[in-house]
Amino acid sequence: MGLLDIIRNLRPAKQNELRILLLGLDNAGKTTLLKVLASEDISHITPTQGFNIKSVQSTGFKLNVWDIGGQRKIRPYWRNYFENTDVLIYVIDSSDRKRFDETNQELSELLEEEKLHGVPLLVFANKQDLLNAAKASDITDGLSLHQIRDRPWQIQGCSAYTKEGVKEGLEWISKTVAKNKK
Amino acid sequence: MALSLTWDVYSHISFVPRPVPTLLKLHVKEKEDRKAIRKEDFILDKIKDETIYRLPGSINGQQFIVQNCDNCTVYVFDHTGQIQIDDCTNCRIFIGPVRGSIFIRDSTNCILATMCQQFRTRDCRDLYVYITCASQPIIESSHNIKFGCLTFNYDKLSEQYKSAGISPWNNTWGNIHDFTSIPDSSNFSLLNANEHVFKHLPIPTDPSCSHLNVNDSMETSVTPYTYGELYRHRNEERCLVVLFHHINAEVCARELIAIAKQADIVLVQTKSYSINEMSASRLFSGNAKYNSLVTKGPVIGLEFAGTNCVEPCQQLVKKLIQSKYQNLSYFISESATDSRAQLDKFYNFASMQMFT
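Residues numbered from 1 in each chain as written. Chains lettered and ligands numbered in written order. Predicted model: local features only at pLDDT ≥ 70, side-chain atom pairs only at ≥ 80, totals over all residues.

Labelled according to an unreviewed UniProt entry, chain B appears under the name Protein XRP2, originating from Rotaria magnacalcarata. Within the UniProt record for chain B, the comment given under Function (unreviewed entry) is "Acts as a GTPase-activating protein (GAP) for tubulin in concert with tubulin-specific chaperone C, but does not enhance tubulin heterodimerization." Checking UniProt for chain B, the heading Subcellular location (unreviewed entry) contains the comment "Cell membrane". (UniProt positions renumbered as here; feature names shortened; annotations may be inferred.)

Under an unreviewed UniProt entry, the name given to chain A is ADP-ribosylation factor-like protein 3, and the source organism is Rotaria socialis.

(A) Representation of the overall build of chain B in the model. From N to C terminus, chain B includes seven helices and 16 strands. Residues classed as buried in chain B amount to 45% of the 356 residues present. Across chain B, every contact between residues at least 6 apart in sequence was considered, and the portion connecting residues at least 24 apart equals 55%. (Helix = DSSP H or I, 4+ residues; strand = E, 2+ residues; numbered from the N terminus. Buried ≥ 20, exposed ≤ 12 C-beta atoms within 10 Å, placed from the backbone. Contact = placed C-beta atoms within 7 Å.)

(B) Highlighting the overall build of chain A. A count of helices and strands for chain A gives five helices and six strands. In chain A, the succession of α and β elements from N to C terminus is α-β-α-β-β-β-α-β-α-β-α. For chain A, buried positions account for 49% of its 182 residues. Counting contacts in chain A only where the partners sit at least 6 residues apart, residues at least 24 apart contribute 73% of the total.

(C) Here's a closer look at helix H7 (residues 336-355) of chain B. All names here are of chain B. Its 20 residues place the ends of H7 28 Å apart at the C-alpha level, agreeing with the 28 Å of an ideal helix rising 1.5 Å per residue. By the burial criterion, the buried members of H7 are Ser339, Gln342, Leu343, Phe346, Phe349 and Ala350. Projected onto a plane normal to the axis of H7, the buried residues spread over an arc of 145° and lie on a single side. In H7, the exposed residues that point more than 90 degrees away from the buried face are Thr337, Asp344 and Met352. Those residues of H7 that are buried are in contact with strand S13 (237-243), strand S14 (266-273), helix H4 (277-283), strand S15 (299-306) and helix H6 (310-324). (Expected span 1.5 Å × (residues − 1). Arc of directions from axis to C-beta.)

Here it is in structure tokens:
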């Protein structure tokens with residue numbers, strides 16, 4: 001069973017498509033995460049120049065996960081993918097302390113976006129397996145996540161490489177989406 | 001300890017979320033060894049005018065960071081997980097096989113040599129970059145970046161490639177993607193074969209690493225020297241040789257490259273991947289013999305170039321296989337026209353199967 005099945009199984013029957021947007025700075029690990037979500041091999045991954053999309057089809061359900069390249073130059077294009085987003089996953093390289101301010105800035109701007117208003121936010125504090133990684137709790141403070149009042153959010157420490165924490169993040173998504181659609 | 005905090009939301013009752021901070025279970029266990037190791041061994045910070053060595057076994061797949069250094073020479077003779085190089089000036093850095101990415105930012109006038117899965121720059125200028133890179137190297141907001149094919153060897157390097165999951169046969173060192181390209185000019189250029197790495201990176205002289213037999217010779221390099229993009233638009237005849245999975249395939253490929261070189265046939269590019277059966281039948285025009293061969297494991301493909309090179313390539317391969325590798329199955333282009341189409345397919349299938 002792939003990790004995406006967790007969400008698929010809990011999705012309300014009337015809604016048969018879930019659109020998940022994966023954003024974050026370049027080198028955060030978005031594509032690796034995308035491949036882990038789709039239960040694919042992660043030994044060959046190239047820097048994303050445009051976007052990757054993985055659809056996982058199941059009986060009556062379709063999960064579309066969009067992974068958009070994160071270089072500074074192409075971040076203005078992120079907005080082209082905002083429409084109809086059900087869940088925003090924001091990925092952070094927890095070991096890249098030099099760019100915590102930059103990632104904070106980008107996330108703040110995303111949360112101001114009208115088209116993402118109220119969209120549940122899952123922050124993956126990725127690369128927890130690396131020695132310079134900041135803990136998820138420290139990143140929570142750094143990003144001032146506690147001040148978010150207009151949407152459900154969660155931060156989850158994880159390592160897409162070792163797969164630790166990924167499942168827990170997805171379980172939160174399934175719970176949250178189910179609740180929102182009640 | 002990773003702390004998870006949740007806000008519960010009842011969006012249909014009210015648009016104001018009701019905060020319910022709950023302590024959830026520990027999700028990512030802090031690694032035992034993370035406490036035991038000294039962080040400063042893995043982070044070089046604010047160092048000036050020094051030469052620093054890390055010997056095999058000292059990094060062992062961990063992250064390594066060089067930041068705020070000036071006029072330093074750094075040799076990491078070990079495999080690593082991820083590399084960051086930030087705010088460095090006038091540094092010369094060698095880093096052994098990197099499982100993930102190497103990211104250099106806000107640095108100027110540096111020389112960097114490495115084998116990695118991903119290579120990235122941002123806000124850099126005046127760099128010499130010698131690489132073996134499994135994916136397309138990318139640069140952003142960087143200028144005057146010179147790329148060269150890294151040829152390198154020392155004792156244990158070959159094993160370190162394996163530990164890092166890096167194949168010496170997948171190297172796209174010169175196929176650069178520039179996120180901020182400029183019209184009528186280029187932010188990067190490619191170095192010729194004679195610009196070998198020790199022309200720019202000092203040869204390590206410290207007695208502590210003399211037993212490693214470090215050298216940059218093309219003949220003994222773990223990654224074979226490939227011309228890559230330097231030959232992309234040249235018109236010399238091409239020939240595709242595919243060696244199917246076999247215990248001696250790598251040795252045979254290296255021997256073939258050496259004898260081809262003597263015959264003035266150059267190696268343009270190599271690629272190793274598991275071809276699926278559908279790709280195989282399209283690549284080898286439905287010849288069923290090859291469909292079963294690809295299921296054995298990854299193949300090694302070699303693109304050779306030279307004036308009228310197909311015929312001499314066929315002779316060299318035939319002779320080599322018959323004399324030393326009788327049990328090794330291979331494919332070779334029949335003609336120059338065939339080979340161009342086969343090479344396109346071979347590379348297209350590779351990028352489809354590896355990166356999507």
